[in-house]
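Examining the three-dimensional arrangement
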Amino acid sequence: MTDSKYFTTTKKGEIFELKAELNSDKKEKKKEAVKKVIASMTVGKDVSALFPDVVNCMQTDNLELKKLVYLYLMNYAKSQPDMAIMAVNTFVKDCEDPNPLIRALAVRTMGCIRVDKITEYLCEPLRKCLKDEDPYVRKTAAVCVAKLHDINAQLVEDQGFLDTLKDLISDSNPMVVANAVAALSEIAESHPSSNLLDLNPQSINKLLTALNECTEWGQIFILDCLANYTPKDDREAQSICERVTPRLSHANSAVVLSAVKVLMKFMEMLSKDLDYYGTLLKKLAPPLVTLLSAEPELQYVALRNINLIVQKRPEILKHEMKVFFVKYNDPIYVKLEKLDIMIRLASQANIAQVLAELKEYATEVDVDFVRKAVRAIGRCAIKVEQSAERCVSTLLDLIQTKVNYVVQEAIVVIKDIFRKYPNKYESVIATLCENLDSLDEPEARAAMIWIVGEYAERIDNADELLESFLEGFHDESTQVQLQLLTGIVKLFLKKPTETQELVQQVLSLATQDSDNPDLRDRGYIYWRLLSTDPVAAKEVVLAEKPLISEETDLIEPTLLDELICYIGTLASVYHKPPSAFVEGGRGVVHKSLPPRTASSESAESPETAPAGAPPGEQPDVIPAQGDLLGDLLNLDLGPPVSGPPLTTSSVQMGAVDLLGGGLDSLIGGTNFVAPPTAAVPASLGAPIGSGLSDLFDLTSGVGTLSGSYVAPKAVWLPAMKAKGLEISGTFTRQVGSISMDLQLTNKALQVMTDFAIQFNRNSFGLAPAAPLQVHAPLSPNQTVEISLPLSTVGSVMKMEPLNNLQVAVKNNIDVFYFSTLYPLHILFVEDGKMDRQMFLATWKDIPNENEAQFQIRDCPLNAEAVSSKLQSSNIFTVAKRNVEGQDMLYQCLKLTNGIWVLAELRIQPGNPSCTDLELSLKCRAPEVSQHVYQAYETILKN
């Protein structure tokens, strides 16, 4: 009979009946009763009242009954911790049972009971099980250590379980090895700084030996662990690759992808001249192709990973183009992904095949797929020059079909082809102009306007064509309006006599009737250029354009290298690093590929070394961390001695442009001289007002300085840890001086006197600027408030985290130690405002890899409120502008040690549904960025 009968009882007084049955002498009746209890628990009834009765049933040899009782115990131990202690003796007993299944069951259940009171009782049984003679018990105990570490990390470390886990890596049983690796990896993820998996050639050898005999999930754990190892040379890398390669033929796709990840990572260290390198490339292709015969969901994951692999090493799959051809029954998400990989693999050798296939796709019924196929033909033309002519004729054939969305996509890609191959295919312009009336999508209209403006001298009725667009100027999207403005200015410079009225019309529409700042600004620039120096205007507007690049959607190389290290994980499907989607970022470590061992890396050229540093040496902004404990123990608790001030790091400046689009010229840079208003001729005499000089001007007077934000006091040293002395405090910055506001409370029974304070060396040299003045003895239950002035000229040492401050306080009773985190905004100095030119130059000067992106959630403030709030904490706004409805604030701040941090803050004004702010930070010391972001969040949300 099935167990469904247990779920059908709804009698009253059921608990009482169950209690009687649980205490029955008959084993069968007991088992039936426990099953009923579990059934009630499963459907959500509260059966916690039966806890003592169910626990009594643990004393049995029946494995099934024991499992049921343990299941009940796991569920209710948290709500009944005092009762759960009753079960401890049984656990201890079961861990010594002759049956290994019962021993393993006991240790597994122990790991699932997340009650602090019980954990210390479980250490002894767990220690025995870790050394059990049966491998099944040992492998279960290994996982239990990871669970216990999650509940009480300190206990696990004190009891020496981590060392036992490390020993299990040398176990004779492969499943024990795999579980030990899995447990250590799990613990290491939550403690990135700890070097738990201390891998060396000997331990790697043991892992590789276990790899062949593990279950599939055991193999995945071991392969993922191998991927975190960096071999000492190319020979070791090759040896590991040879032993991992057989995993490529495994039936489980997760094992295959984990093996591919290890091989892709270690191939970095192999020289391309090696025969083995070529062999490895050939071996990698078949398993990847096999993944594409799985069900669509698995295919998609495989394709997303293959997309990364093809960007890193296209040679692996260069002969496998046919497997990426789309099948009629593929879901759309698989089709689009395959199409993307086809373009990446397109080359002169296979372009004919690819084009025939793409032309076929362009006649499909799925609109999204057809659009992407047409774009793909254009991308092929740009990528493979020899095929450009064939691609253009294919696109023209598609335009002849007169299918609206096909025509529009074709025009968009033909514009790109003109950019790539100027003066080659312009003969097709006449055909494009015939389809002008059918264009209704902004991107296609903008592309057509660009073509007409760019080749106006070849089109007889170019002015009529552009005038037809001008009639509905205000109804067009911004993209079309901007393109139309530029197109008509180009036309005017090529045919000035016939189009003067047209250009005046578009300039007045753009500058006077439009409320879009981008359009208005571009209109003003063209107006001034045309009115003051038409020759210069011609040089600017009709300048020769750079050729467009082949692949515009490639992943940035450093990000690609990081994603290769995450093959087979969610990051490889999202194409984003884990830090972008893992909440809180706990345990997220940035991974990178190992450096090549061959001398392919050329020495850094002296030109790239920063000013003032010898070639090849980067200046340390903050010294590295030393022996902290030694420092604290050697504290001199006399009055503080002021040290020499820190030298500020020099900032190398160049006349560079922040946004690459001539921003420096817009804000009155050196190369731009605003023309006098009188110079505007009568024919172009529209009012320009104050023009561009105030284009980026901020509202002057952003409110008076009221001192930076002060956090409420927190308890730093509880009385129970300091023999009755309780210390609470916070940090403040007022008019350039930093202080630590302390509240000392005496909760002891004796008077406290002779107070002194000392700081350990820290990241920013914080030190007391005066002795700790407690003027009268501190009597029992008395509280005193003290403001301790701080200086930033103490000894410097990089701390982890950066804003950690270790403090020692002495009184007549003892010396007490505590550590606290200070908010970074107390270090933002008052003279931290840059002028705009310096901001532009510095932003460009700081490498792009130093840029960090953050989101400040649920902050419903407008730009003025944000700017004012931040200015009171010495974060200064350099410029403000509005881009496509978003307010952009460009800000800077300077730390006490001379480090500048530049910020770009995006705000969506007037949109109550979107209250998140986007913050980009650039800094020469990127480790500061996270703490600056926290300061932003703290200031704006308080």
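Presented here is a report on the structure given in the accompanying data block. This one's a predicted model, so the numbers in the text were calculated from it and none came from an experiment.

One full turn of an α-helix is made of 3.6 residues, so residues set three or four places apart face in the same direction. Helix length check: helix H22 (residues 388–400), at 13 residues, gives a terminal C-alpha distance of 19 Å against a target of 18 Å (1.5 Å per residue), a fit within 8%. If you check which residues of H22 are buried, you get Ala388, Cys391, Val392, Thr394, Leu395, Leu396, Leu398 and Ile399. In the core, the buried residues of H22 are packed alongside helix H20 (351–361), helix H21 (367–383), helix H23 (404–420) and helix H24 (429–434). Immediately beyond the C-terminal end of H22, within one or two residues, lies Lys402, with a positive phi of roughly 60°.

Okay, the environment of Phe418 next. Relative to the assigned elements, Phe418 resides in helix H23. The class for Phe418 is buried, based on a relative accessible area of 1%. In this structure, Phe418 is in contact with Tyr425, Glu426, Val428, Ile429, Leu432, Trp450, Ile451 and Tyr455, ignoring residues within four places of it in sequence.

This part covers the packing of aromatic side chains. A full pass over the atoms with the stated rule returns 12 aromatic pairs. Taking the centre distance of 6.1 Å and the plane angle of 85° together, the rings of Tyr421 and Tyr425 count as edge-to-face. For the pair Tyr421 and Tyr425, one class covers both residues: buried. Measuring from centroid to centroid gives 6.2 Å for Trp450 and Tyr455, while their planes differ by 85°, and the two rings are edge-to-face. Note on Trp450: relative accessible area 9%, which makes it buried. The class of Tyr455 is buried, set by a relative accessible area of 7%. It is Lys335 that lies over the ring of Phe369; its NZ or CZ is 5.2 Å from the centre.

Okay, the packing of H23 against helix H25 (residues 442–454) next. One can describe the packing of H23 onto H25 by two numbers: an axis separation of 8 Å at closest approach and a directional angle of 40°. It follows that H23 is oblique to H25 by the angle criterion. Seen along the crossing, H23 lies across H25 with a hand that is left-handed. Note on element contacts: H25 touches H23 through Glu443, Ala444, Ala447, Met448, Trp450 and Ile451, opposite Gln408, Ile411, Val412, Lys415, Phe418 and Arg419. Residues belonging to the contact of H23 with H25 are distributed by class as follows: 8 nonpolar, 1 polar and 3 charged.

Moving on to the pattern of salt bridges. With the rule as written, the count across this model stands at 36 salt bridges. The closest approach of N and O atoms between Glu937 and Lys941, which form a salt bridge, is 3.5 Å. In this structure Glu937 comes out as partly exposed when scored by relative accessible area, which is 23%. Lys941 sits in the partly exposed class, given a relative accessible area of 40%. Through salt bridges with shared partners, a single ionic network connects Arg371, Arg375, Glu409, Glu441 and Glu443.

Ordered in space as S1-S2-S3-S6-S5, the 5 strands form an open sheet in which the pairing is antiparallel. The open sheet has two edge strands with one neighbour each: strand S1 (714–717) and strand S5 (767–768). Strand direction decides the pairing type here: strand S2 (residues 725–734) and strand S3 (residues 737–746), joined by 10 bridges, are antiparallel. Directly across from Gly729, in S3, lies its bridge partner Leu742.

With that settled, the discussion passes to the packing of helix H9 (residues 135–151) against helix H12 (residues 174–190). Axis separation between H9 and H12 bottoms out at 8 Å; the angle between their running directions is 5°. Here H12 runs roughly parallel to H9, going by the angle between their axes. Across from Pro135, Arg138, Lys139, Ala142, Val143, Val145, Ala146 and His149 in H9, the residues of H12 making contact are Met175, Val176, Asn179, Ala180, Ala183, Glu186, Ile187 and Ser190. Of the residues in the contact of H9 with H12, the class split is 10 nonpolar, 3 polar and 3 charged.

Here we come to a negative patch on the surface. Residues Glu464, Glu467, Glu471 and Glu501 make up a contiguous surface patch of negative charge. Classification of Glu467 by relative accessible area gives partly exposed; the value is 40%.

A few words on unusual backbone geometry. Most of the time, phi is negative for any residue but glycine, and the peptide bond is trans. The step from Glu800 to Pro801 runs through a cis peptide bond, and the omega angle for that step is -5°. Phi angles above zero are rare outside glycine, and His575 is one such case at about 60°. Among the secondary structure elements, His575 is positioned in the loop between helix H32 (570–574) and helix H33 (628–633). A positive phi angle is found at Asn781, which is not glycine, with a value near 65°. By secondary structure assignment, the location of Asn781 is in the loop between S5 and strand S6 (783–791). Owing to a relative accessible area of 69%, Asn781 belongs among the exposed residues under this scheme.

Note on sheets: strands pair through backbone hydrogen bonds, and any given pair is parallel or antiparallel. Spatially, S9-S13-S12-S11-S10 is the arrangement adopted by the 5 strands of the open sheet, whose pairing is antiparallel. Every interior strand has two partners, whereas the edge strands, strand S9 (851–856) and strand S10 (876–883), have only one. Each neighbouring strand pair of the sheet contributes to a mean axis angle of 20°, computed without reference to strand direction. Where strand S11 (residues 886–894) lies against strand S12 (residues 900–907), 8 bridges are found, and the strand directions are antiparallel. Its bridge partner being in S12, Tyr890 is matched across the sheet by Glu904. Sheet contacts for helix H36 (residues 863–871): S10, S11, S12 and strand S13 (917–923); angle to S11, the most-contacted strand, approximately 5°.

Along helix H11 (residues 161–168), the residues classified as buried are Phe161, Leu162, Thr164, Leu165 and Leu168. Buried residues in H11, looked at end-on, bunch into an arc of 160°, giving them a common side. Those residues of H11 that are buried are in contact with helix H8 (116–130), H9, helix H10 (153–158) and H12.

Tracing the backbone through its elements, the reader meets Ala210 in helix H13 (residues 201–211). The spatial distance from the C-alpha of Ala210 to the C-alpha of Ile169 is 9.3 Å, given a sequence separation of 41 residues. Among all residues touching Ala210, those that are not within four sequence positions of it are Pro174, Val177 and Ile222.

Turning next to the pairing of S13. Of all 7 residues in S13, 6 are buried; the element is thus mostly enclosed. Pairing analysis gives 6 bridges linking S9 to S13, with the strands arranged antiparallel. Each bridged residue has a counterpart across the sheet, and for Ala852 the counterpart in S13 is Leu921. Where S12 meets S13, 6 bridges bridge the pair, whose relative direction is antiparallel. Note on S13: the bridge partner recorded for Glu904 is Ser920.

Our next topic: the environment of Asn307. You can see Asn307 is positioned in helix H18 (residues 296–312). Measuring from C-alpha to C-alpha, the distance between Asn307 and Ser572 comes to 9.2 Å, with 265 residues separating the pair along the chain. Apart from the residues lying within four places of it in its own chain, the contact partners of Asn307 are Glu337, Asp340, Ile341, Arg344 and His575. Polar side-chain contacts of Asn307 include one of 3.0 Å to the side chain of Glu337.

Glancing now at the side chain of Asp53. As for its placement among the helices and strands, Asp53 is situated in helix H3 (residues 51–56). Taking relative accessible area as the criterion, Asp53 reaches 7% and is therefore assigned buried. When sequence neighbours within four positions are dropped, the list of residues in contact with Asp53 reads Lys19, Leu22 and Asn23.

Criteria and cut-off values
- Residues numbered from 1 in each chain as written.
- Predicted model: local features only at pLDDT ≥ 70, side-chain atom pairs only at ≥ 80, totals over all residues.
- Heavy atoms only, no water.
- Helix = DSSP H or I, 4+ residues; strand = E, 2+ residues; numbered from the N terminus.
- Expected span 1.5 Å × (residues − 1).
- Buried < 20%, exposed > 50% of the residue type's maximum accessible area, 1.4 Å probe, protein only.
- Contact = heavy atoms within 4.5 Å.
- Phe/Tyr/Trp six-rings, centres within 6.5 Å; stacked < 30°, edge-to-face > 60°.
- Lys NZ or Arg CZ within 6 Å of the ring centre and 35° of its normal.
- Axes fitted to C-alpha atoms, helices over the stretch in contact; angles between N-to-C directions.
- Parallel < 35°, antiparallel > 145°, perpendicular 65-115°, else oblique.
- Left-handed = near helix turned anticlockwise from the far one by under 90°.
- Nonpolar A, V, L, I, M, F, W, Y, C, P; charged D, E, K, R; others polar.
- Salt bridge = Lys/Arg side-chain N within 4 Å of Asp/Glu carboxyl O.
- Pairing = 2+ DSSP bridges.
- Patch = residues over 30% accessible without salt bridge, like charges linked within 9 Å, V, L, I, M, F, W, Y side chains within 5 Å.
- Areas by Shrake-Rupley, 256 points an atom, 1.4 Å probe, with all protein chains shown as cover.
- Lys, Arg positive; Asp, Glu negative; His and termini not counted.
- Charge placed at Lys NZ, Arg CZ, Asp CG, Glu CD.
- Arc of directions from axis to C-beta.
- Polar contact = N/O pair within 3.5 Å; in protein donor to acceptor, adjacent residues only side chain to side chain.

Interpretation note: all reported values are geometric properties and have no functional meaning in isolation.
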